[in-house]
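Observations on chain architecture
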Amino acid sequence: MAKALKVRSRSGRVISGLMLACAVVGMVVVLRSAAEQQSWASAEGTVTERYKRKSASVKVEYSLPDGRVQVATLSENGPIREPGSRVTVRYDLRDGQVVDAALADNDEGFWVMGVMLGVLIVGSLGMNLYAWTPARRAE
């Protein structure tokens, strides 16, 4: 049991390698999601309501290029927006339907996840270097 807890043991090396691999995959997913959202179409909208439950969200009304008006409840991670505020909404349009939408300046979530995963990657690299280097022998 005690050997399994050591980083330089076989299981410690496997766990540190898996942690590094998962952190890298997580970083790729976060960066890919952020890049994908940046490529979405955007429109000007107006905040109609503001909700404060577990997290803040706003109901936004915006127009699509074909003139249809969309109403969506979007997460608010940035500055506080009061009803009547003008905002830019990014939306993903597939087959004429909005499948996803977000406030255009809502990039804080991606930054937070990116920084957290970056710290995890650096820590995992250090742990892997420690786990895989041979132990010094006493002379």
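Look above for the structure.
The paragraphs below set out a description of the structure included in this document.

Considering the overall build of the protein chain
Within the protein chain one finds three helices and five strands. When the helices and strands of the protein chain are listed from N to C terminus, the series reads α-α-β-β-β-β-β-α. Computed over C-alpha atoms, the radius of gyration of the protein chain comes to 22 Å, more than 25% over the 14 Å expected from 2.2 N^0.38 for 139 residues, which places it beyond the range of a compact globule. Residue burial in the protein chain is summarised as follows: out of 139 residues, 29% are buried. Contacts in the protein chain between residues at least 24 apart in sequence constitute 59% of all its contacts with a sequence separation of at least 6. Counting every atom, the protein chain has about 9,500 Å² of accessible surface; 61% of that belongs to carbon and sulfur. Counting 18 positive and 14 negative side-chain charges, the protein chain places the averaged centre of each group 17 Å from the other.

Regarding the sheet that holds strand E3 (residues 69–75)
In sheet architecture, strand pairing relies on hydrogen bonds along the backbone and comes in two forms, parallel and antiparallel. In space, the five strands of this open sheet follow the order E3-E2-E1-E4-E5, with antiparallel pairing throughout. The outermost strands of the open sheet, each flanked by one partner alone, are E3 and strand E5 (97–103). Ignoring strand direction, the axes of neighbouring strands in this sheet form an average angle of 40°. Relative to strand E2 (residues 56–63), strand E1 (residues 41–52) is paired through seven bridges, and the arrangement is antiparallel. Its bridge partner lying in E2, arginine 50 is registered against valine 58.

Things to note about the packing of aromatic side chains
Counted by the stated rule, this structure contains one aromatic pair. Arranged with centres 5.7 Å apart and planes meeting at 25°, the rings of tyrosine 62 and tyrosine 91 form a pair that is stacked. Here tyrosine 62, found in strand E2, pairs with tyrosine 91, found in strand E4 (residues 86–94); they are 29 residues apart in sequence, far enough to count as distant. For the pair tyrosine 62 and tyrosine 91, one class covers both residues: buried. Cation over ring: arginine 13 sits above tryptophan 132, and NZ or CZ is 4.9 Å from the ring centre.

Conventions adopted
- Residues numbered from 1 in each chain as written.
- Predicted model: local features only at pLDDT ≥ 70, side-chain atom pairs only at ≥ 80, totals over all residues.
- Heavy atoms only, no water.
- Helix = DSSP H or I, 4+ residues; strand = E, 2+ residues; numbered from the N terminus.
- Rg over C-alpha atoms; globule rule 2.2 N^0.38 Å.
- Buried < 20%, exposed > 50% of the residue type's maximum accessible area, 1.4 Å probe, protein only.
- Contact = heavy atoms within 4.5 Å.
- Areas by Shrake-Rupley, 256 points an atom, 1.4 Å probe, with all protein chains shown as cover.
- Lys, Arg positive; Asp, Glu negative; His and termini not counted.
- Charge placed at Lys NZ, Arg CZ, Asp CG, Glu CD.
- Pairing = 2+ DSSP bridges.
- Axes fitted to C-alpha atoms, helices over the stretch in contact; angles between N-to-C directions.
- Phe/Tyr/Trp six-rings, centres within 6.5 Å; stacked < 30°, edge-to-face > 60°.
- Lys NZ or Arg CZ within 6 Å of the ring centre and 35° of its normal.

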